[in-house]
Structures are given as C-alpha cells and as structure tokens.
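# Geometric and topological summary
One-letter residues, chain by chain:
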Amino acid sequence: LILTKPVGTGVLFNANRSGKLPYPELEAILSKVAGLNHKAIEIAMEFDVHACTDVTGFGILGHTLELARGSDVQINLMYEKLPFYPNALKMYQKGETTGSNKANRRLAEDAWEMTAHRSAEQQELLFDPQTSGGLLLAVPKSQADELVAQLKKAGVETAVRVGEVVTSDRPYIRVV
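What comes next is a walk through the structure. On a predicted model such as this, the values are computed, not experimentally measured, just so you know.

A tally of helices and strands in the protein chain yields nine helices and eight strands. By the compact-globule yardstick of 16 Å for 176 residues, the protein chain fits well, its C-alpha radius of gyration being 16 Å. Each principal axis of the C-alpha distribution contributes one length, and for the protein chain these read about 45 × 40 × 20 Å. In the protein chain, which comprises 176 residues, the share counted as buried stands at 48%. The contacts of the protein chain with a sequence gap of at least 6 include a subset with a gap of at least 24, amounting to 85%. As displayed, the protein chain has an accessible area near 8,600 Å², and 51% of this comes from carbon and sulfur atoms. Side-chain charges of the protein chain comprise 19 positive and 21 negative groups, with the mean position of each set lying 5 Å from the other.

Even without a glycine there, the phi angle at Asn87 is positive, about 80 degrees. If you trace the backbone, Asn87 turns up in the loop between β3 (74-77) and α6 (88-93). The phi torsion at Ser132 lies on the positive side, around 55 degrees, for a residue other than glycine. You can see Ser132 is positioned in the loop between α8 (120-127) and β5 (135-138).

Before going further, it helps to spend a moment on the sheet that holds strand β7 (residues 163-166). With mixed pairing, the four strands of this open sheet are ordered in space as β4-β8-β3-β7. The outermost strands of the open sheet, each flanked by one partner alone, are β4 (112-114) and β7. Averaged over neighbouring strand pairs, the angle between their axes works out to 15 degrees when direction is ignored.

A word on α8. Of the residues making up α8, those classed as buried are Gln123, Glu124, Leu125, Leu126 and Phe127. Tucked inside the fold, the buried residues of α8 contact α5 (59-71), α6, α7 (101-107), β4 and β8 (172-175).

The packing of two helices is summarised by the inter-axis angle and the distance between the axes. At their nearest, the axes of α5 and α8 sit 3 Å apart, and the two run at 50 degrees to each other. Judged by the angle between their axes, α5 and α8 are oblique. From α5, Gly59, Ile60 and Leu61 reach across to α8, where they touch Leu125, Leu126 and Phe127. Of the residues in the contact of α5 with α8, the class split is five nonpolar, one polar and no charged.

What follows covers the nonpolar core. Within the largest apolar cluster, 39 residues are counted, with the highest numbers of intra-cluster contacts made by Leu12, Ile60, Trp112, Leu126 and Ile173. Contributions of two or more residues to this core are made by α1 (9-18), α5, β3, α6, β4, α8, β5 and β8. Excluding residues within four positions of it along the chain, Ile60 makes contact with Leu3, Val7, Val55, Leu77, Leu82, Leu125, Leu126, Asp128 and Leu136. Counting 14 residues, the second-largest nonpolar core is a separate cluster that includes Ile43, Leu135, Leu137 and Val156.

As a further point, take the layout of surface pockets. The calculated volume of the largest pocket comes to roughly 290 Å³. In terms of residue count, the dominant contributor to the lining of the largest pocket is β7 (three residues). For the second largest pocket, the calculated volume is near 210 Å³. Forming the walls of the second largest pocket are 14 residues, and the residues nearest its centre are Lys5, Lys32, Leu36, Gly155 and Val156. When residues of the lining of the second largest pocket are traced back to their parent elements, those giving at least two are α3 (30-34) and α4 (38-44).

What follows deals with the side chain of Lys5. Residue placement: Lys5 occurs in the loop between β1 (2-3) and α1. Within the structure, the side chain of Lys5 is placed 3.4 Å from the backbone oxygen of Lys32, a separation counted as a polar contact. A distance of 2.5 Å separates a polar atom in the side chain of Lys5 from the backbone oxygen of Gly35. For Lys5, the residues in contact, after removing those within four places along its chain, are Lys32, Val33, Gly35, Asn37, Pro83, Tyr85, Ser132, Gly133, Gly134 and Thr158.

Rules and cut-offs
Residues numbered from 1 in each chain as written. Predicted model: local features only at pLDDT ≥ 70, side-chain atom pairs only at ≥ 80, totals over all residues. Heavy atoms only, no water. Helix = DSSP H or I, 4+ residues; strand = E, 2+ residues; numbered from the N terminus. Rg over C-alpha atoms; globule rule 2.2 N^0.38 Å. Buried < 20%, exposed > 50% of the residue type's maximum accessible area, 1.4 Å probe, protein only. Contact = heavy atoms within 4.5 Å. Areas by Shrake-Rupley, 256 points an atom, 1.4 Å probe, with all protein chains shown as cover. Lys, Arg positive; Asp, Glu negative; His and termini not counted. Charge placed at Lys NZ, Arg CZ, Asp CG, Glu CD. Pairing = 2+ DSSP bridges. Axes fitted to C-alpha atoms, helices over the stretch in contact; angles between N-to-C directions. Parallel < 35°, antiparallel > 145°, perpendicular 65-115°, else oblique. Nonpolar A, V, L, I, M, F, W, Y, C, P; charged D, E, K, R; others polar. Core = buried A, V, L, I, M, F, W, Y, C linked by side-chain atoms within 4.5 Å. 1 Å grid on protein atoms, 1.4 Å probe; cavity = no way out; pocket = protein on both sides within 12 Å on 5 of 7 lines; lining within 4 Å. Points joined across faces, edges and corners; volume = space filled by probe spheres on them. Polar contact = N/O pair within 3.5 Å; in protein donor to acceptor, adjacent residues only side chain to side chain.

The structure is reproduced here in structure tokens:
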C-alpha cells in the first residue's frame, strides 16, 4: 500500500480554530493539503492498481479498512511509516481532537488491532478525518517501490509505502 500525503489535517484545523495552533504553523502545510491528487493518480494508472481510495473523513484506518472489506483481506499498516503533518501529534497531546475521531473509531471496532504499544494520542492520528487527503493505492508488492520512486520523481515527495495486504479469513487491520 502506498500513501501519497501525510495525515493529521483534522486535528490541525481544529487546533487552529481553538487557538492552540498559530495560523503561520498551519499555513506552512496548506500548499500540501490543497494539492490535488491528479498527478498521483495519473502516475499510478501506469501500474497494476488493485484498489484506490482517497483518505478523507474516516481517517487512515477507516479508509484502509474500507480497502480490506472491499477485497476481503487483512492489511498490515506500518505505523512507523505513516507520514504525519508537523504538530498533529502535539495537538492531540495538548488535548485537541475532532468531532469525528470517536465515530471513526466505532466504525472500525472489532476490525483492527495495534500490535505494539502506542499512546492514546498516537492512536488518535489513525482516526483523524482528513481534508483533501492523499490517495491510498494498492499495487502488487513487486511494483510498490517503483511506484513510490515515480511519484517522488513527479513531485509527490511525501509518497511512501505504508502497508501490505495479506490473505485472511476476514477483513482486518493490524497496525504493526
């Protein structure tokens, strides 16, 4: 699985509204947030894309689960590889959240597990609803590194491999 944009816009926009994040710090990411996914999908279509979703309101975990359910597979999502916008974790640590995090967590209930200890705030990033989120692309493992390289060459510099699909008896997400 390849992700083309960082995660964390939900909490950052809320933190700006509540005065916890000064506008200049939010302004620093706005060009990435506002960037369209056109270039990324154009490049991805040159590969064997098995599934694709844009990460928006259900957060990275919700949209990953959507892929797992659509294909009846397990997805191992590599937490350490996930790109997060600067200050996103810090805002959760300061007590900021979004109106969607709890609902997003409920939607994934009994369909995911965390295999290593992560703080409550680190977990909240998985459920953070995105505004103009990136694409989550499923391609064959043999093509993943080349897709990331092509995306970066074309200016999608935050593209990164974040997970893998494995066979399973039910749709499930393991955050490893």
